[in-house]
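# Notes for the structure review
If you want the building blocks of each chain, they are given just below.
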Amino acid sequence: MKRIVVLGSTGSIGTQTLDVVRRHSDQLELVGLAVGSRAADLLDQAREFGVRHLAVGDERLAAATVADDLREAVRSKSGAPASLAAAVAQRSEGSLGFGADAVARLACLPEADIVVNALVGAAGLRASYEALAAGKVLALANKESLVVGGDLIMPLAARVDEQRRAAGTAPAQGPAGALMPIDSEHGAIYQCLLGEDAREVSKLWVTASGGPFRGRARADLACITPAQALAHPTWNMGAKISIDSSTLMNKGLEVIEAHHLFAMPYDKIEVVVQPQSAIHSMVEFSDGSVKAHLGTTDMRIPIQFALSYPERWDAPVAPLDFRTLGALEFAAPDTDTFRCLDLAYHAGRTGGTLPCVMNAANEVAVAAFLAEEGTYLGIAECVEAVMDAHEHAGVQRVESLDQLETVDAWARQEARRWIEAR
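Residues numbered from 1 in each chain as written. Predicted model: local features only at pLDDT ≥ 70, side-chain atom pairs only at ≥ 80, totals over all residues. Heavy atoms only, no water.

For the protein chain, the name recorded in an unreviewed UniProt entry is 1-deoxy-D-xylulose 5-phosphate reductoisomerase, with Paraeggerthella hongkongensis as its organism. Looking at the Pathway (unreviewed entry) heading of the UniProt record, one finds this comment for the protein chain: "Isoprenoid biosynthesis; isopentenyl diphosphate biosynthesis via DXP pathway; isopentenyl diphosphate from 1-deoxy-D-xylulose 5-phosphate: step 1/6." One UniProt comment on the protein chain, placed under Catalytic activity (unreviewed entry), says "2-C-methyl-D-erythritol 4-phosphate + NADP(+) = 1-deoxy-D-xylulose 5-phosphate + NADPH + H(+)". (UniProt positions renumbered as here; feature names shortened; annotations may be inferred.)

Spelled out as structure tokens, the structure:
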């Protein structure tokens, strides 16, 4: 039985993780749940799964009526436990916390084996850090953890891998599994690399759907509305990541993640548009051979593999039927129209604190666009302006979480100032 904490349990990845837990309740046990602000939904989840360790990121909700119900839920011992692990959890004290620190503390929950980090934005970095520092397996869906703090996260993951090997808890073959990517693209690359010699890899191909505006010229995007940008053609995702997908910033973030996850230089990471989203990514080897990972476009598949590794469990959805798939299309991304991808490559190659600045500015610009306080094309313009300002002041070497939080705050302030001036 693997005991799991899910951070961001009411979001798209979080709710699909809970679907996987329902399907494999004989293998998975929920012991902790955290949300940003959807406390009422958290209460429903806690009652369904009998979870008594909870956290809410929004401190203001500590005084809300639902907080009393949450407190009762963590005290409650009613109901028969589904397993021995659940019985032990029921005998222990429950916990409820409010604020970012409470969410990060949940990542260190002693009885947890795996922490699923599905938090949105830079807020997920500290939780990832704390989970690995506590020796947990990190199933990572929070892109910003590696984009902003990859220089800190990857050494921690390597240390946990060593601990798992020394303790005999790592698989007999393959990666030790301390950091399991949940992104469909990185999960695909991870699986394509199993059993292979990383030194023989010549290129990683990160696939992109192209988003809802594939094929449009820059002039066509001047009056794009949030509703139009949220209409992703193949994936069901949250608002922020849907906007990032439409601008190709999401793909830029994934390129930086791939650089950290697989220790791959940027000149060996390419993005290719694959509109059907049937190929989730590919690995090219030195002899010209290419491994491609294909499957149904459902995030429960990579989520489940991140939790089941090194095993494979029954498919959570209907497998892909190649007889009805039809054509597979490929195209180069249009970086002239979608500037964010090139900005991300530049931030990644420069390194240091520049990816942190890029990410923070993008979060602010996307939020402004969703609130109809900024324009669609203004997202890339804002990000580029803030990156330029940071490079002019001097990019720093990444040294600590506190440093990154300071840089993040500066970049957000600069981005807001840029938006307000327009």
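This is not the end of the story, as more comes after the structure.
Burial along strand 3 (residues 53–56) is two-sided: His-53 and Ala-55 and Leu-54 and Val-56, pointing in opposite directions, are all buried. One ladder, built from three bridges, connects strand 2 (residues 28–35) with strand 3; its direction is parallel. Counted as the bridge partner of Ala-34 is Ala-55 from strand 3. Summarising the sheet, strand 3 and strand 4 (residues 95–98) pair through four bridges and their orientation is parallel. (Buried < 20%, exposed > 50% of the residue type's maximum accessible area, 1.4 Å probe, protein only. Helix = DSSP H or I, 4+ residues; strand = E, 2+ residues; numbered from the N terminus. Pairing = 2+ DSSP bridges.)

One pass over the structure, following the stated rule, counts five aromatic pairs. Ring centres of Phe-305 and Tyr-309 lie 5.8 Å apart, and the angle between their planes is 65°; this geometry places the pair in the edge-to-face category. Here the aromatic residues Tyr-190, Phe-305 and Tyr-309 are joined through ring pairs into a cluster of three or more. (Phe/Tyr/Trp six-rings, centres within 6.5 Å; stacked < 30°, edge-to-face > 60°.)

With that settled, consider the UniProt feature "binding site: 1-deoxy-D-xylulose 5-phosphate" (unreviewed entry) in the protein chain. Mapped onto this numbering, the UniProt entry annotates "binding site: 1-deoxy-D-xylulose 5-phosphate" (unreviewed entry) at Lys-143, Ser-184, Glu-185, Ser-209, His-232, Ser-245, Asn-250, Lys-251 and Glu-254. Within the secondary structure, Ser-209 sits in the loop between strand 8 (201–208) and helix 9 (226–230). Engagement of the side chain of Ser-209 in a polar contact is seen with the backbone nitrogen of Gly-211, the distance being 3.0 Å. Inspection of the secondary structure puts His-232 in the loop between helix 9 and helix 10 (239–247). Note on His-232: relative accessible area 13%, which makes it buried. (Polar contact = N/O pair within 3.5 Å; in protein donor to acceptor, adjacent residues only side chain to side chain.)

Each assigned domain of the protein chain is listed here: domain 1 (2–181) and domain 2 (198–296 + 327–421). On a C-alpha basis, the centres of domain 1 and domain 2 stand 27 Å from each other. Each partner contributes to the roughly 1800 Å² buried at the junction of domain 1 and domain 2, and carbon and sulfur atoms together form 67% of this total. Among the salt bridges present, the one from Lys-143 reaches Glu-254, with a minimum N-O distance of 2.9 Å. Where domain 1 touches domain 2, the interface holds five residue pairs in polar contact (both at pLDDT 80 or more). (Domains from an automatic or database assignment. Buried area = accessible area lost by both parts, 1.4 Å probe. Salt bridge = Lys/Arg side-chain N within 4 Å of Asp/Glu carboxyl O.)

Across the sheet, four strands lie side by side as 9-8-10-11; this open sheet has mixed pairing. Across the chains shown, the open sheet's two edge strands, defined by having one partner strand only, are strand 9 (269–273) and strand 11 (290–294). Averaged over neighbouring strand pairs, the angle between their axes works out to 20° when direction is ignored. Relative to strand 9, strand 8 runs parallel, the two being bridged by five bridges. Bridging from a neighbouring strand, Thr-207 pairs with Val-272 of strand 9. (Axes fitted to C-alpha atoms, helices over the stretch in contact; angles between N-to-C directions.)

The next subject is the packing of helix 10 against helix 11 (residues 249–261). Contact geometry of helix 10 with helix 11 gives a least axis separation of 5 Å together with a crossing angle of 90°. As judged from the angle between their axes, helix 10 and helix 11 are roughly perpendicular. Counting all contacts with helix 10, which are made through Lys-240, Ile-241, Asp-244, Ser-245 and Thr-247, the residues of helix 11 involved are Met-249, Asn-250 and Leu-253. Looking at the contact of helix 10 with helix 11, its residues break down into three nonpolar, three polar and two charged. (Parallel < 35°, antiparallel > 145°, perpendicular 65-115°, else oblique. Contact = heavy atoms within 4.5 Å. Nonpolar A, V, L, I, M, F, W, Y, C, P; charged D, E, K, R; others polar.)

The next thing to look at is unusual backbone geometry. Here Tyr-309 and Pro-310 are connected by a cis peptide whose omega angle stands at 10°. Its place among the elements puts Pro-310 in the loop between helix 12 (300–308) and helix 13 (322–325).

Taken together, seven strands build an open sheet; the order of strands is 4-3-2-1-5-6-7 and the sheet is parallel. Sheet topology places strand 4 and strand 7 (179–181) at the edges, where each strand pairs with a single neighbour. Adjacent strand axes in the sheet meet at a mean angle of 20° when their direction is disregarded. Those strands touched by helix 7 (residues 144–167) are strand 5 (114–117), strand 6 (137–140) and strand 7, and its axis lies near 130° from that of strand 7.

A few words on the pattern of salt bridges. Side chains bearing opposite charge may pair, as long as their charged atoms lie close to each other. Enumeration according to the criterion identifies 26 salt bridges in this entry. Of the charged contacts in the structure, one is a salt bridge between Asp-197 and Arg-199, with a shortest N-O distance of 2.8 Å. Looking at Asp-197, the relative accessible area reads 25%, which means it is partly exposed. Lys-240 is the salt-bridge partner of Asp-244, the closest N and O atoms lying 2.5 Å from each other. Remark: Lys-240 and Asp-244 occur in helix 10; sequence separation between them is four residues, near one turn of the helix. Given the relative accessible area of 2%, Asp-244 is considered buried. For Lys-240, a relative accessible area of 15% translates into the label buried.

For the rest of this paragraph, the subject is a nonpolar patch on the surface. Judged by side-chain polarity, Leu-294, Phe-322, Leu-328 and Phe-330 come together as a nonpolar surface patch covering roughly 370 Å² of accessible area. With respect to the helices and strands, the residue Phe-322 is situated in helix 13. Given the relative accessible area of 55%, Phe-322 is considered exposed. (Patch = residues over 30% accessible without salt bridge, like charges linked within 9 Å, V, L, I, M, F, W, Y side chains within 5 Å. Areas by Shrake-Rupley, 256 points an atom, 1.4 Å probe, with all protein chains shown as cover.)

Residues Ile-4, Leu-7, Leu-30, Ile-182, Leu-204, Met-358 and Tyr-376 are the most contacted members of the largest nonpolar core, which totals 130 residues. Of all the elements, helix 15 (residues 354–370) adds the most residues to this core, at 11 residues. Counting contributing residues, this core receives three or more from each of domain 1 (2–181) and domain 2 (198–296 + 327–421). In contact with Met-358, other than residues within four places in its own chain, are Val-147, Met-249, Leu-253, Ile-256, Leu-343, Ala-344, Ala-347, Val-383 and Met-387. (Core = buried A, V, L, I, M, F, W, Y, C linked by side-chain atoms within 4.5 Å.)

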